[in-house]
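# Structure at a glance
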Amino acid sequence: MGPKPRISPSSALREYQAGKYEDSLKEYERLLKKKGEDPRLHFNAGAAAYRNGQFDEAAKRFNSTLSSRDLKLQGQAYYNEGNALFHLGERSADPKQRKEAWEKALQDYQSSLKLNPQDPDAKHNYEFVKKMLEELKQQPQSQQDKQDQDQNQD
């Protein structure tokens, strides 16, 4: 057996760029244990988790990035956390959980826009999630109306 590969941000990045997101995430997690709470490592771990479809883990990692003094990194973390929360909501079969996740995503997009008002992606996603939330809020009422109509026909 050869020596263990050296764990470094560059090796974690190589795994990420090669599409090995799970391996990349594991490397970033090991780096965080060694280097403490570096917001950039949390951000990169969040990106790897997101690409791997682990949206809950991604949202947590991006949230841990928000302690950064780097406002650009903060803005990106809010944006990416919003994306992760949107996907979490989208996956949820429970309309209440979906609504909560999307409302948090909306707040993240707002925070991202405060830090970078000209970000077209954050503006687009904010408007998109806002529309989805409005549609979701109308659904329970229309379902309730349908149930009432069905009962009246009995």
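Residues numbered from 1 in each chain as written. Predicted model: local features only at pLDDT ≥ 70, side-chain atom pairs only at ≥ 80, totals over all residues. Heavy atoms only, no water.

## Topic: the overall build of the protein chain
Looking only at helices and strands, one finds seven helices and zero strands in the protein chain. Ordered by position from the N terminus, the helices and strands of the protein chain form the series α-α-α-α-α-α-α. Counting the 154 residues in the protein chain, one finds 39% classified as buried. A separation threshold of at least 6 residues defines the contact pool for the protein chain, and within that pool the share at least 24 residues apart is 46%. (Helix = DSSP H or I, 4+ residues; strand = E, 2+ residues; numbered from the N terminus. Buried < 20%, exposed > 50% of the residue type's maximum accessible area, 1.4 Å probe, protein only. Contact = heavy atoms within 4.5 Å.)

## Focus on the packing of aromatic side chains
Here the structure, examined in full by the defined rule, presents six aromatic pairs. Ring plane angle 55 degrees and centroid distance 5.9 Å describe the contact between Tyr 79 and Tyr 109, whose orientation is recorded as tilted. In this pair, Tyr 79 is assigned in helix H5 (residues 71-91) and Tyr 109 in helix H6 (residues 95-115), connecting sequence segments 30 residues apart. Seen from their ring centres, Phe 86 and Phe 128 are 5.7 Å apart, and the 65 degrees between their planes marks the pair as edge-to-face. Here the residue Phe 86 occupies a position in helix H5, and Phe 128 occupies one in helix H7 (residues 120-153), the gap between them amounting to 42 residues. An aromatic cluster of at least three residues, connected via ring pairs, comprises Phe 86, Trp 102 and Phe 128. (Phe/Tyr/Trp six-rings, centres within 6.5 Å; stacked < 30°, edge-to-face > 60°.)

## Details of the packing of helix H4 (residues 55-65) against H5
H5 packs onto H4 with a crossing angle of 160 degrees between their chain directions and a minimal axis gap of 8 Å. Compared by their axis directions, H4 and H5 come out roughly antiparallel. The chirality of how H4 crosses H5 is left-handed. In this structure, H4 uses Phe 55, Asp 56, Ala 58, Ala 59, Phe 62, Asn 63 and Thr 65 to contact H5, whose residues at the interface are Leu 73, Ala 77, Asn 80, Glu 81, Ala 84, Leu 85, His 87, Leu 88 and Arg 91. Looking at the contact of H4 with H5 residue by residue, the classes come out as nine nonpolar, four polar and three charged. (Axes fitted to C-alpha atoms, helices over the stretch in contact; angles between N-to-C directions. Parallel < 35°, antiparallel > 145°, perpendicular 65-115°, else oblique. Left-handed = near helix turned anticlockwise from the far one by under 90°. Nonpolar A, V, L, I, M, F, W, Y, C, P; charged D, E, K, R; others polar.)

## Details of H5
Taking 1.5 Å of rise per residue, the 21 residues of H5 would be expected to cover 30 Å, and the 30 Å separating its terminal C-alpha atoms lies within 8% of that figure. At the N-terminal boundary of H5, the capping side chain belongs to Asp 70, with an oxygen 3.0 Å from the backbone nitrogen of Lys 72. (Expected span 1.5 Å × (residues − 1). Polar contact = N/O pair within 3.5 Å; in protein donor to acceptor, adjacent residues only side chain to side chain.)

## Section: the environment of Arg 69
Tracing the chain through its elements places Arg 69 in the loop between H4 and H5. For the pair Arg 69 and Pro 39, spaced 30 residues apart in sequence, the C-alpha to C-alpha distance is 9.1 Å.

## Here we look at the nonpolar core
Tyr 28, Trp 102, Tyr 109 and Val 129 are the most contacted members of the largest nonpolar core, which totals 32 residues. Elements represented by at least two residues in this core include exactly helix H2 (21-35), helix H3 (39-51), H4, H5, H6 and H7. When residues in this core are grouped by element, the largest group, seven residues, is from H5. Residue contacts for Tyr 28: discarding those within four places in its chain leaves Pro 9, Ala 12, Leu 13, Leu 41, Asn 44 and Ala 45. (Core = buried A, V, L, I, M, F, W, Y, C linked by side-chain atoms within 4.5 Å.)

## A short note on the pattern of salt bridges
Per the counting criterion, the structure on display carries seven salt bridges. Between Glu 103 and Lys 99 there is a salt bridge, with its nearest N and O atoms 3.1 Å apart. Taken together, the positions of Glu 103 and Lys 99, both in helix H6 and four residues apart, correspond to about one turn of that helix. Residue Glu 135 pairs with Lys 131 through a salt bridge whose shortest N-O separation is 4.0 Å. A residue pair is termed a helical-turn pair when its members lie 3 or 4 positions apart in one helix, as Glu 135 and Lys 131 do in helix H7 at four residues. Residue Glu 135 is classed as partly exposed on the basis of its relative accessible area of 37%. (Salt bridge = Lys/Arg side-chain N within 4 Å of Asp/Glu carboxyl O.)

Nothing here speaks to function; it is all geometry.
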